Amino acid sequence: MIKLSKRLTSIALMVDDNARVVDIGCDHGLLDIYLYKNKKNIKIIASDVNDKALKNAIVNIKRAGLSDKITTIVSDGLDEIDTSDLNTIIISGMGAHTMAGILQNNFDKLKTIDTIILQSNNDIDFLREKLSNIGYYIEDEKLVKEKKFIYTIIKFKKGHKYYSKKELFFGPVLIKENDKLFREKVKLEINKLEVILSLIPKGHFFYKYKTKKKLKMCKDILKRA
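Fair warning: this is a prediction, and the values are worked out from it, not measured in the lab. (Residues numbered from 1 in each chain as written. Predicted model: local features only at pLDDT ≥ 70, side-chain atom pairs only at ≥ 80, totals over all residues. Heavy atoms only, no water.)

Outline the environment of Met94, listing residues and values.
Turning to its location among the elements, Met94 is positioned in strand β4 (residues 88-94). Sequence-wise, Met94 and Lys43 are 51 residues apart; in three dimensions their C-alpha atoms are separated by 23 Å. Setting aside anything within four residues of it in sequence, one finds Met94 in contact with Ile24, Gly25, Met99, Ile102, Gln119, Ser120 and Asn121. (Helix = DSSP H or I, 4+ residues; strand = E, 2+ residues; numbered from the N terminus. Contact = heavy atoms within 4.5 Å.)

Tell me what's going on with the packing of helix α4 (residues 96-104) against helix α5 (residues 124-133), and back it up with residues and numbers.
Where α4 contacts α5, the two axes come as close as 9 Å, and the packing angle between them is 15°. One way to sum up the angle between α4 and α5 is to call them roughly parallel. Two packed elements cross with a definite hand, and for α4 against α5 that hand is right-handed. Counting all contacts with α4, which are made through Ala96, His97, Met99, Ala100, Leu103 and Gln104, the residues of α5 involved are Phe126, Leu127, Lys130 and Leu131. Of the residues that constitute the contact of α4 with α5, the class distribution is 7 nonpolar, 2 polar and 1 charged. (Axes fitted to C-alpha atoms, helices over the stretch in contact; angles between N-to-C directions. Parallel < 35°, antiparallel > 145°, perpendicular 65-115°, else oblique. Left-handed = near helix turned anticlockwise from the far one by under 90°. Nonpolar A, V, L, I, M, F, W, Y, C, P; charged D, E, K, R; others polar.)

Give a detailed account of the packing of helix α8 (residues 180-199) against helix α9 (residues 205-222), specifying residues and quantitative values.
Closest axis-to-axis distance for the α8/α9 pair is 9 Å, and the angle between their directions is 155°. Between α8 and α9, the crossing angle belongs to the class labelled roughly antiparallel. For the element pair α8 and α9, the recorded crossing hand is left-handed. For the pair formed by α8 and α9, the contact residues are Phe182, Arg183, Val186, Lys187, Glu189, Ile190, Leu193, Glu194, Ile196 and Leu197 on the first element and Tyr207, Lys208, Thr211, Lys212, Lys214, Leu215, Cys218, Lys219, Ile221 and Leu222 on the second. For the contact of α8 with α9, the residue count by class is 11 nonpolar, 1 polar and 8 charged.

How would you explain the nonpolar core if you had to name every residue and give the values?
Counting residues in hydrophobic clusters, the biggest one holds 30 residues, and the most contacted among them are Ile89 and Leu103. Elements with a minimum of two residues in this core: β1 (20-24), β4, α4, β5 (115-120), α5, β6 (136-146) and β7 (149-158). Ranked by residue count, the leading element in this core is α4, at 5 residues. Discounting residues that sit within four places of it in the chain, Leu103 has contacts with Leu78, Ile89, Ile91, Leu110, Ile116, Leu118, Leu131 and Ile134. Counting 25 residues, the second largest nonpolar core, distinct from the first, contains Ala19, Ile42, Ala57 and Leu66. (Core = buried A, V, L, I, M, F, W, Y, C linked by side-chain atoms within 4.5 Å. Buried < 20%, exposed > 50% of the residue type's maximum accessible area, 1.4 Å probe, protein only.)

Structure below.
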């Protein structure tokens, strides 16, 4: 029985039955094994950047008896992936700029992709904006706390929606839910922004202005009931 972390479990819950998935940067392959065993009629490609990175996934997939069910491919992002028979991309545990680069550099491979599930470790607002710009809207978002970290997981669907700066920064779904974990995350963001503000050198007026604006948005959203 595969036991996933809270973060990976939350990603798995966003994957639809009948999905045809590529998991970019699959790490140990545990998510892919879990998906195969828990989702109906699913196809999975587990991919990582080199043989060494993919080795653990191959071992775990073999141990689970799924070597003939889950395809493993060495690929730098989507470079070696044929997406013509796929409809879902999962990328987790990478920086937002790396994720955006993988998708933008392979834009022609997104024709059949109607679902993109991302969990980035930074610059979530940047990621929301970039995906919106290439033709995806936010269907769902989830915050997960594991140990001391709060992770943001976003499910994008093909289509267009307009988002305000506030929605891109906080997440349109998360703003509506406005739950305890969301408010905890906003408080952590306030602490981080205040430290950044105190370290901005004199003369960097635009950077200081942008930081103050984000800080105000955070404080304002905490005033909501």
